[in-house]
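Structure at a glance
Letter by letter, the chains look like this.
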Amino acid sequence: MKFPRTARRITAPLLAAMLLALAGGSPATASPAPVTSSTWTLTDLPQRICATPDDPRALYFFVVLDGTWTTTITAGYTGMPAGTEVYSPQSTPPGSGDGHTVQILAAFRLHGAPIGHYVPLLQASDGTVTQSAPVTLDIQSSC
């Protein structure tokens, strides 16, 4: 079968790339290998705490993971209001989760935090990948 000239220009490079892929090679113009994705996911739960500026209790949000991880996962926060003491380290050893079981209680305490509505990010990191989920912290004169 004879292909028109335009079809040969399109087909030849396509066939060459397919053959190289099957043989384990790569053409010189191939894009870099994709970044490997994480084997675990931080479950984004709707979490809200109401507390007073000097609440005497240790407060916490749940860290729930789905998947498997081979290194320790550490929890923390960004965006917490001034006057917040985050307890650390908060971590879980290598393991697995089903997206429904709490692996870490990410604890903190308030020491004169300003009244307001805050949406800090709860974070989980295995040292390579960091994932975040928003949580709600309402600091009021009474709850």
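Bear in mind that the values here come from a model prediction, so they are computed numbers and not experimental data.

Rules used throughout
Starting afresh in each chain, residues are numbered from 1 along the sequence in its written order. Given that the model is predicted, a residue must reach a pLDDT of at least 70 before its local features are reported, and side-chain atom pairs must reach 80 or more before they are shown or counted; all residues, however, enter totals for whole chains, interfaces and linings. Note: side-chain values were computed over all heavy atoms of the structure, leaving out hydrogens and water. One confidence number per residue, pLDDT, is output by the predictor and ranges from 0 to 100. Contact between two residues is taken to exist if any of their heavy atoms lie within 4.5 Å; hydrogens are not considered. Secondary structure is summarised from DSSP: a helix means a run of H or I of at least four residues, a strand means a run of E of at least two, and numbering begins at the N terminus for each. Here's how the labels work: a residue is buried when its accessible area is under 20% of the maximum for its type, exposed when over 50%, partly exposed in between, all with a 1.4 Å probe on protein chains only. Patch members must show over 30% relative accessible area and no salt bridge, and they are joined within 9 Å when carrying like charges or within 5 Å when they are nonpolar side chains of Val, Leu, Ile, Met, Phe, Trp or Tyr. Here, Shrake-Rupley sampling with a 1.4 Å probe gives the accessible areas, and only protein chains in the shown set may cover a residue. What counts as a salt bridge is simple: a side-chain nitrogen of Lys or Arg found within 4 Å of a carboxyl oxygen of Asp or Glu. Here, two cysteine sulfur atoms that lie within 2.5 Å of each other are counted as a disulfide. Between any two strands, pairing holds if DSSP finds at least two bridges.

1. Things to note about the confidence of the model for the protein chain
In the predicted model, the protein chain carries a mean pLDDT of 81, and 74% of its residues have values of at least 70. Below a pLDDT of 50 lies the segment residues 1-35, which in the model reaches six contacts outside its immediate sequence neighbourhood of four places, other chains included.

2. Details of the side chain of T92
Tracing the backbone through its elements, the reader meets T92 in strand β6 (residues 91-92). With a relative accessible area of 9%, T92 lands in the buried category. Leave out the neighbours within four places in its chain, and T92 touches L65, W69, T72, I73, Q103 and I104.

3. Considerations on the environment of Q140
Mapped onto the secondary structure, Q140 falls in the segment after β11 (136-139). In sequence terms Q140 and A113 are 27 residues apart; their C-alpha atoms lie 9.7 Å from each other. With near-sequence residues (within four places) excluded, Q140 lies in contact with R48, C50, A51, T52, P53 and I115.

4. Notes on a nonpolar patch on the surface
A cluster of nonpolar side chains, namely Y60, F62, V102 and L105, defines an oily patch on the protein surface of about 340 Å² accessible area. Elements supplying a minimum of two residues to the nonpolar patch: β3 (59-69) and β7 (95-110). If you trace the backbone, V102 turns up in strand β7. By relative accessible area, which is 35% here, V102 ends up partly exposed.

5. Some words on the state of the cysteines
Applying the stated criterion to the full structure yields one disulfide. A sulfur-sulfur distance of 2.0 Å marks the disulfide that ties C50 to C143. On the S-S bond that ties C50 to C143, the torsion sits near -85 degrees, and the link is left-handed. Of this pair, C50 sits in strand β2 (residues 48-51) while C143 sits in the segment after β11, and the two are 93 residues apart along the sequence.

6. Considering the sheet that holds β6
Reading across the sheet, the four strands line up as β6-β4-β9-β10 and stay open at both edges, with antiparallel pairing between neighbours. The sheet is open, and its two borders are formed by β6 and β10 (130-134), each paired with just one other strand. Here five bridges tie strand β9 (residues 121-125) to β10, and the two strands are oriented antiparallel to one another. Looking at the pairing, L121 lines up with P134 of β10.

7. Details of the environment of A82
Looking at where A82 falls in the secondary structure, it is placed in the loop between β4 (73-78) and β5 (84-86). Residue class for A82 comes out exposed when judged on its relative accessible area of 58%. With 32 residues separating them in the primary sequence, A82 and P114 have C-alpha atoms 7.1 Å apart. For A82, the contacting residues outside a window of four places in its chain are A113 and P114.

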